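Observations on the three-dimensional arrangement
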Amino acid sequence: MADQIIVYSGPGCADCQRVKELLTNKGVDFETRDVFANKEYREDVEKLGFMGIPVTVVGDRAIKGFDKEALLELLAGR
């Protein structure tokens, strides 16, 4: 079974939207977690060592921001 994909994001975040569009265009299922609507999601991002969004998590790996090549590499390894 493939690892769950989680995108920590927030409203009005252009890079968050770009990450979600890339995943959608690749036909990848993912869960969106709004860090502004849920304090626990903000804490999750901080525990991963990040202070901003978007953060994309696949299994035990995470990357911050919109880096198309890094995202595709993350997806390929799941």
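Residue indices follow the written sequence of each chain, beginning from 1 at its first position. Two thresholds apply to this predicted model, a pLDDT of at least 70 for residue-level local features and 80 or more for giving and counting side-chain atom pairs, whereas whole-chain, interface and lining totals are computed over all residues. The side-chain values count all of the structure's non-hydrogen atoms but skip hydrogen atoms and water molecules.

The chain is annotated in an unreviewed UniProt entry as Glutaredoxin family protein of Paenibacillus contaminans.

**Re the sheet that holds strand β2 (residues 31–34)**
What the four strands build is an open sheet, ordered β2-β1-β3-β4; its pairing is mixed. In this open sheet, the two strands that pair with only one neighbour each are β2 and β4 (61–64). Along the sheet, successive strands turn relative to each other by an average axial angle of 20°, direction set aside. Here strand β3 (residues 55–58) pairs with β4 via four bridges, running antiparallel. Within β4, the residue paired with Val55 across the bridge is Lys64. Strands in contact with helix α1 (residues 14–25) are β1 (5–9), β2 and β3; relative to β1, the strand with the most contacts, it is inclined by about 155°. The criterion for strand pairing is that DSSP finds at least two bridges linking the strands in question. By definition, any uninterrupted DSSP run of H or I lasting at least four residues is a helix, any uninterrupted run of E lasting at least two residues is a strand, and each is numbered from the N terminus. As a rule, the C-alpha atoms of each element are fitted with a line to give its axis, helices using only the stretch in contact, and angles between N-to-C directions run from 0 to 180 degrees. The contact criterion used throughout is that any non-hydrogen atoms of two residues lie within 4.5 Å.

**A look at the pattern of salt bridges**
Only one rule defines a salt bridge in this text: a Lys or Arg side-chain nitrogen within 4 Å of an Asp or Glu carboxyl oxygen. As enumerated under the stated definition, the model contains four salt bridges in all. Two residues, Asp44 and Arg33, come together in a salt bridge whose shortest N-O distance is 3.9 Å. Of this pair, Asp44 sits in helix α2 (residues 39–47) while Arg33 sits in strand β2, and the two are 11 residues apart along the sequence. Residue burial is assigned from relative accessible area. The probe radius is 1.4 Å, only protein chains are included, and a residue is buried under 20% of its type maximum, exposed over 50%, and partly exposed in between. Asp44 gets classed as partly exposed once you look at its relative accessible area, which sits at 24%. Put simply, Lys39 and Glu43 hold a salt bridge, and the shortest N to O gap is 3.8 Å. Taken as a pair, Lys39 and Glu43 lie in helix α2 at a separation of four residues, close to a single helical turn.

**Some details on the packing of aromatic side chains**
Whether two aromatic rings pair depends on their centres lying within 6.5 Å, for rings of Phe, Tyr and Trp, where Trp uses its six-membered ring; planes under 30 degrees apart make the pair stacked, over 60 edge-to-face, and the rest tilted. What the rule picks out here adds up to one aromatic pair. Seen in terms of ring centroids, Tyr8 and Tyr41 are 6.2 Å apart; in terms of plane orientation they differ by 70°. Their pairing is edge-to-face. In this pair, Tyr8 is assigned in strand β1 and Tyr41 in helix α2, connecting sequence segments 33 residues apart. For Tyr8, a relative accessible area of 4% puts it in the buried group.

**Details of unusual backbone geometry**
The omega torsion across Ile53 and Pro54 is 0°, close enough to zero to call that bond cis. Examined against the element boundaries, Pro54 turns out to sit in the loop between α2 and β3.

**Here's the deal with the nonpolar core**
If you look at the biggest cluster of nonpolar residues, it comprises 11 residues: Ile5, Val7, Val19, Leu22, Leu23, Val28, Val58, Ile63, Leu71, Leu74 and Leu75. Where this core is concerned, the elements lending two or more residues are β1, α1 and α3 (68–76). Val19 has contacts with Val7, Pro54, Thr56, Gly65, Phe66 and Leu71, leaving out every residue within four places of it along the chain. Judged by nonpolar contacts, the second largest core, of seven residues, contains Tyr8, Val45, Phe50 and Val55. What is meant by a nonpolar core is a set of buried Ala, Val, Leu, Ile, Met, Phe, Trp, Tyr and Cys residues, joined one to another through side-chain atoms within 4.5 Å.

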